[in-house]
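A closer look at the structure
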Amino acid sequence: MKLTLLPLAFAMMVLPGLAMAADGPITIEPQIVTDWKSVYGQVEAKNTIAARAQLSGTITALDVTEGDEVTAGQTIATIVDQTLVYQIGAVDAQINALQAQLENAKTELKRGEDLKARGVSTSQNVDQLQTQVNVYEGQIAAQQAQRKVYQQQEQYGTVTAPIAGKVVSVPVTKGAVIMAGETIATIGGGGFFLRLSVPERHADTLKQGDTIMITDSDGKEIAGKLAKIYPQIEGGRVQADVEVPDLNARFVAARLLVKLPMGNRQTIVIPASYVVTRSGLDFVRVKEGDRTYERTIVPGVVINLDDQEMLEVLTGLNPGDVVVPHE
């Protein structure tokens, strides 16, 4: 008899008494079976945020690369816009010129006030000189404010990490010229989970909180919890998130084998060793009273239960039958 494991993985919850009686008579009783479907999940960060440039210019420093761990607010790149340097220099020159004019205006104002005190000059002339001083002071204040604007724009050249996490991608290089709004690095944080894409025909079988079995990158089977099912169906598939403790997130977007519970049903299972094959037919020994005889069955899939091979029986056995091993 050739027994083949199907692509649709099965696991089951069987009453303890059946497994313990694997070397003696077994009274057949329907068992509760959980059907599982094998799909692939993809490792994703809970929060994926792009660190973007706020300033157009040249990248003069790039302090991170893919895979680096960063903290929130950490500097990851520096962008310089050389035109800002020239603009600040031009503003400084204008401020210096206005300050010289202001000093001259203040001197003229003091001279006018002295002449007015001696009765040589008029109040109107003094008022005009005072207005000129006020104009220069206002122009200097405006230029100083403009200088602060340029300085603030320079500070926008420092790109920081928006969240703590792992650098997933860095699509730029040092020395590159970029525009404001372009992505400097993409950072994944807030922990990692498995993102599933399940055919919509299985959507109704998924329940939030279900236990999900995952085969990790080391080949070990670990349990996770179905944390979220997204209501929108895209391309005939349902998106769902699985929380996995101690998930290996070395490689973001890595694919892991996941088994999803598709529902429970009743079936009959017996140890696979109780079945023999002759002439293409499968037989089990059935005991009725003091008489023992062979009966033909139609087997289903093989299930590994507690390191013991169990076989699903599709037809040939009924509840209450007593099966014994072959001698």
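Keep in mind that this is a model prediction, so the values were computed, not measured.

1. Side note on the overall build of the protein
Helix and strand content of the protein: three helices and 19 strands. Projected onto its principal axes, the C-alpha positions of the protein cover 145 × 35 × 35 Å. Sorting the 327 residues of the protein into buried and exposed places 35% on the buried side. Pairs at least 24 residues apart make up 70% of the contacts formed inside the protein by residues separated by at least 6 positions. Averaging the positions of the 29 positive and the 38 negative side-chain charges in the protein gives two centres separated by 3 Å.

2. Regarding the sheet that holds strand β6 (residues 75–80)
Ordered in space as β7-β6-β4-β9, the four strands form an open sheet in which the pairing is antiparallel. Two strands in the sheet have a free side with no partner beyond their single neighbour: β7 (158–160) and β9 (177–178). Examined bridge by bridge, β6 and β7 share three bridges and lie antiparallel to one another. Directly across from Thr78, in β7, lies its bridge partner Thr158.

3. A few points about the packing of aromatic side chains
Scanning all chains against the criterion turns up zero aromatic pairs. Here Arg255 stacks its cationic end above the ring of Tyr40, 4.5 Å away from the centre of that ring. Across from the ring centre of Phe283, 4.8 Å away, lies the NZ or CZ of Arg278, which sits over that ring.

4. Things to note about the environment of Val43
Along the chain, Val43 falls in strand β3 (residues 31–52). On a C-alpha basis, the gap between Val43 and Arg250 in space is 9.3 Å, while along the polypeptide they are 207 residues apart. Each residue touching Val43, except ones within four places of it in the same chain, is listed here: Phe192, Phe193, Leu194, Leu247, Asn248, Ala249, Phe251, Val252, Ala253, Ala254 and Leu256.

5. Looking at the UniProt feature "domain: Multidrug resistance protein MdtA-like barrel-sandwich hybrid" (unreviewed entry) in the protein
Under the present numbering, the feature "domain: Multidrug resistance protein MdtA-like barrel-sandwich hybrid" (unreviewed entry) in UniProt falls on residues 48–185. When the span residues 48–185 is considered, its composition is 50% helix and 23% strand, and the gap between its end C-alpha atoms is 10 Å.

6. With respect to helix α3 (residues 123–155)
Compared with an ideal rise of 1.5 Å per residue, which puts 33 residues at 48 Å, α3 spans 48 Å between its outermost C-alpha atoms and is within 8% of the ideal. Taken together, the buried positions of α3 are occupied by Val126, Leu129, Val133, Tyr136, Ile140, Gln143 and Tyr150. Looking at the buried residues of α3, the elements they touch are α2 (82–117).

7. Some words on the pairing of strand β16 (residues 281–288)
Bridging between strand β15 (residues 276–278) and β16 involves three bridges; their strand directions are antiparallel. For Thr277, the partnering residue across the bridge sits in β16 and is Asp282. Between β15 and β16, which pair antiparallel and follow one another directly, the connecting turn spans two residues, one of which, Ser279, has a positive phi of 55°. Pairing geometry for β16 and strand β19 (residues 322–324), over three bridges, is antiparallel. Each bridged residue has a counterpart across the sheet, and for Val286 the counterpart in β19 is Val323.

8. A short note on the environment of Tyr136
For Tyr136, the position within the fold is in helix α3. Sequence spacing of Tyr136 and Pro319 is 183 residues, and the spatial spacing of their C-alpha atoms is 104 Å. In contact with Tyr136, not counting residues within four places along its chain, are Leu98, Gln101, Leu102 and Ala105. Of the polar contacts made by the side chain of Tyr136, one reaches the side chain of Gln132; its length is 3.0 Å.

9. Comments concerning α2
Across its 36 residues, α2 extends 53 Å between first and last C-alpha, which sits within 8% of the 52 Å expected from 1.5 Å per residue. Of all the residues in α2, the buried ones are Leu84, Ile88, Val91, Ile95, Leu98, Leu102, Ala105, Leu109 and Gly112. Once α2 finishes, Gly119 follows within two positions and takes phi at roughly 80°, a positive value.

10. Considerations on the packing of α2 against α3
One can describe the packing of α2 onto α3 by two numbers: an axis separation of 8 Å at closest approach and a directional angle of 160°. Taken as axis vectors, α2 and α3 run roughly antiparallel relative to one another. Of the two possible hands of crossing, α2 and α3 adopt the one that is left-handed. Partitioned by chemical class, the residues of the contact of α2 with α3 number 15 nonpolar, 14 polar and eight charged.

How each quantity is defined
Residues numbered from 1 in each chain as written. Predicted model: local features only at pLDDT ≥ 70, side-chain atom pairs only at ≥ 80, totals over all residues. Heavy atoms only, no water. Helix = DSSP H or I, 4+ residues; strand = E, 2+ residues; numbered from the N terminus. Buried < 20%, exposed > 50% of the residue type's maximum accessible area, 1.4 Å probe, protein only. Contact = heavy atoms within 4.5 Å. Lys, Arg positive; Asp, Glu negative; His and termini not counted. Charge placed at Lys NZ, Arg CZ, Asp CG, Glu CD. Pairing = 2+ DSSP bridges. Phe/Tyr/Trp six-rings, centres within 6.5 Å; stacked < 30°, edge-to-face > 60°. Lys NZ or Arg CZ within 6 Å of the ring centre and 35° of its normal. UniProt positions renumbered as here; feature names shortened; annotations may be inferred. Expected span 1.5 Å × (residues − 1). Polar contact = N/O pair within 3.5 Å; in protein donor to acceptor, adjacent residues only side chain to side chain. Axes fitted to C-alpha atoms, helices over the stretch in contact; angles between N-to-C directions. Parallel < 35°, antiparallel > 145°, perpendicular 65-115°, else oblique. Left-handed = near helix turned anticlockwise from the far one by under 90°. Nonpolar A, V, L, I, M, F, W, Y, C, P; charged D, E, K, R; others polar.

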